[in-house]
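# Notes for the structure review
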2 protein chains.
Amino acid sequence: MSKSEQTRDYILQKSFDLIYQKGYQSTSIDDIIATTHVTKGAFFYHFKNKEEMGLGLIGELLYPNLRNMMVRPLEDSQDPKTDIYKMMEMLLNDTSFFNVDYGCPAINLIEEMSAVSTTFKRELSKLVLLWHNAIVTALNSAQSSGLIKTNIAPEEVAVMLISGYGGVRTLGKVMGRGAYKAYLSGLKSYLMQL
Amino acid sequence: MSKSEQTRDYILQKSFDLIYQKGYQSTSIDDIIATTHVTKGAFFYHFKNKEEMGLGLIGELLYPNLRNMMVRPLEDSQDPKTDIYKMMEMLLNDTSFFNVDYGCPAINLIEEMSAVSTTFKRELSKLVLLWHNAIVTALNSAQSSGLIKTNIAPEEVAVMLISGYGGVRTLGKVMGRGAYKAYLSGLKSYLMQL
DNA sequence: GACATAAGATACTAGTTAGTATGTTTTACA
DNA sequence: TGTAAAACATACTAACTAGTATCTTATGTC
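Residues numbered from 1 in each chain as written. Chains lettered and ligands numbered in written order. Predicted model: local features only at pLDDT ≥ 70, side-chain atom pairs only at ≥ 80, totals over all residues. Heavy atoms only, no water.

### Digging into the protein's contact with DNA strand C
As a structural note, the neighbourhood of DNA strand C is formed by 16 residues, with A:S4, A:T39, A:Y45, A:H46 and B:I29 the closest of them. The sugar-phosphate share of atoms of DNA strand C within 4 Å of the protein amounts to 62%. Contacts to DNA strand C include A:H46, whose side-chain N or O atom sits 2.5 Å from a phosphate oxygen. Here a phosphate oxygen of DNA strand C sits 3.0 Å away from a polar atom, N or O, in the main chain of B:K50. Secondary structure elements with two or more residues in the surface near DNA strand C: α1 (3-22) and α3 (40-46) of chain A together with α2 (29-36) and α3 (40-46) of chain B. Tallying contributions element by element places α3(A) first for the surface near DNA strand C, with 5 residues. Partitioned by chemical class, the residues of the surface near DNA strand C number 4 nonpolar, 8 polar and 4 charged. (Near = heavy atom within 4 Å. Polar contact = N/O pair within 3.5 Å; in protein donor to acceptor, adjacent residues only side chain to side chain. Helix = DSSP H or I, 4+ residues; strand = E, 2+ residues; numbered from the N terminus. Nonpolar A, V, L, I, M, F, W, Y, C, P; charged D, E, K, R; others polar.)

### A short note on the interface of chain B and chain A
Opposite the 40 residues of chain B that make contact, chain A presents 40 residues. For the pair chain B and chain A, the two sides together bury roughly 3,300 Å², of which 68% comes from carbon and sulfur. At the boundary of chain B and chain A, one finds 4 salt bridges. Between B:K173 and A:E111 there is a salt bridge, with the nearest N and O atoms lying 2.8 Å from each other. Here chain B is connected to chain A by 8 residue pairs in polar contact (both at pLDDT 80 or more). (Contact = heavy atoms within 4.5 Å. Buried area = accessible area lost by both parts, 1.4 Å probe. Salt bridge = Lys/Arg side-chain N within 4 Å of Asp/Glu carboxyl O.)

### Topic: helix α4 (residues 50-71) of chain B
At B:L62, α4(B) shows its maximal bend, which comes to roughly 35°, and the proline B:P64 appears one to four places after that position. Every buried residue belonging to α4(B) is among B:K50, B:M53, B:G54, B:G56, B:L57, B:I58, B:L61, B:L62, B:L66, B:M69, B:M70 and B:V71, and all of these are buried. (Bend = angle between axes of the 7 residues up to and from the residue. Buried < 20%, exposed > 50% of the residue type's maximum accessible area, 1.4 Å probe, protein only.)

### What to know about the domain arrangement of chain A
All names here are of chain A. For chain A, the assigned domains are domain 1 (1-47) and domain 2 (51-192). Taken over C-alpha atoms, the centre of domain 1 sits 27 Å from the centre of domain 2. With 16 residues of domain 1 at the interface, the matching set in domain 2 holds 22 residues. Counting the surface lost from both domain 1 and domain 2, the interface buries some 1,600 Å², and carbon and sulfur atoms represent 69% of this. Here domain 1 and domain 2 share 1 salt bridge between them. Note that E60 is salt-bridged to R8, the shortest N-O span being 2.4 Å. Of all the secondary-structure elements, those providing two or more residues to the side of domain 1 that touches domain 2 are α1 and α3. Broken down by element, the side of domain 1 that touches domain 2 gets its largest block of residues, 8 residues, from α1. Here the residues of the side of domain 1 that touches domain 2 are counted per class, giving 8 nonpolar, 7 polar and 1 charged. (Domains from an automatic or database assignment.)

### Concerning the nonpolar core
In terms of nonpolar packing, the biggest core is built from 138 residues, with A:Y165, A:Y190 and B:Y165 touching the most fellow members. When near neighbours in sequence (up to four residues on either side) are disregarded, A:Y190 contacts A:V157, A:M160, A:L161, B:M160 and B:Y190. (Core = buried A, V, L, I, M, F, W, Y, C linked by side-chain atoms within 4.5 Å.)

### Structural notes on the relation of the copies chain B and chain A
A rotation about some axis, followed by a shift along it, carries one copy of the chain onto the other. Between the two copies, chain B and chain A, the superposition gives an RMSD of 0.0 Å; the rotation angle is 180° and the shift along the axis is 0.0 Å. In symmetry terms, the pair is related by a two-fold rotation axis. Minimal C-alpha separation from the rotation axis in chain B is found for B:G167, amounting to 1.9 Å. Of all interface residues in chain B, 100% are interface residues in chain A too; the two copies therefore contact each other through one and the same surface. (Least-squares fit on C-alpha atoms with pLDDT ≥ 70 in both.)

### As for the pattern of salt bridges
What the rule picks out here adds up to 14 salt bridges over all chains. Where B:D101 meets A:K121, a salt bridge forms, and the shortest distance between an N and an O atom there is 3.8 Å. With one member in each of two chains, B:D101 in the loop between α5 (80-93) and α6 (105-113) and A:K121 in helix α7 (residues 118-144) form a pair that bridges those chains. By relative accessible area, which is 25% here, A:K121 ends up partly exposed.

### Considerations on the protein's contact with DNA strand D
Around DNA strand D there are 16 residues in total, and A:I29, A:K50, B:T39, B:Y45 and B:H46 lie nearest to it. When the atoms of DNA strand D within 4 Å of the protein are sorted by group, sugar and phosphate make up 66%. Between DNA strand D and the protein, one listed contact pairs a phosphate oxygen with a side-chain N or O atom of B:T7 at 3.1 Å. For DNA strand D, a phosphate oxygen lies 2.6 Å from a polar atom in the side chain of B:H46. Contributing elements (two or more residues each) for the surface near DNA strand D: α2 (29-36) and α3 of chain A together with α1 (3-22) and α3 of chain B. Take the surface near DNA strand D: its biggest share by element is 5 residues, from α3(B). Split by residue class, the surface near DNA strand D holds 4 nonpolar, 8 polar and 4 charged.

So, in structure tokens, the structure goes:
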């Protein structure tokens, strides 16, 4: 990786951290250059404007992380019920990447930006759809192999799961990790009965 | 209601609308005085600062609305399963107060403000707890009267329901009303099996 | 090692932000 | 109906905002 690529990635990573904590609109470019010690000239050399940086963040940080943590674990799953639970547990208990007080970076951006910028909305909806499809595919195959009742609708269950995840991230912000614990417990019962 | 009270309420109501659409931090006082045609002097006569207005909003608009739409329908409920479903349906289908693109005002504020202001976080957590307790109470009484299995934990179900609601509001922002429809359908099945 | 260009640094701008200082006008009530 | 206080209006400030113009320095290539 060239020196130039390094600073670009560095800016993206630090911006991500700031935005995760304070929100996109409340994170100023001056904030970013202050914490990175990268100058304004450097910032605007690598990004045309703030939006391009924000979209870069989604494409180059959020997207690959989502694939790794939320899509890949479901690919070719032999036991979706268990794997979905394990995935949720992993996501909610991962304190290296996530923080209860700050919630989920992707959910935060959806909340803040989708009504304000159609470009952000479009890119973020791609992420959601990716996860949605991964869940539906896993549930479908589980129905084929008789591991899940055939009278349930995978699309509905996917929406229930994604909503549950997003919602408990929000809930965690005001109620703390206890919300995660209760959710995971409730999720287990919910998955059982599918 | 005196003239003075009227302008105060008017400011709060219009601020609420703006904040619902753009977020709290992105709604400037200049935005507010521009749309209300109330002058800056009037604004700062009624509110010490922006935060006091924001908190007023929570206490005087969000709180009573939450009581009416999310707590009262569960009080003395003879059939919580049905009443919870009806409440969710009412909330998600009410287009006079809510808008898919803007989600739920309370959820939005939690998302945006709880990590940024402990005062907002505290006030908002009260709202959540109020709803949580109303749900738990309803589920408890349903267990007593044999309408719900006794091996389920009302606290967990409450977290599942609140998370589901909050999450589908987020999901709706990027996926549209289809998310609401799928959620309500999934919710019905979920409640059945309790 | 010259030189073109990539990468980064500095100083600025025009507009916006919350909040204040200092006025003027209503309103309630004696 | 006079007057004190409540309610509102106007003009300003200091700090911050995204972005630009213009410069300097580093880097790879022949």
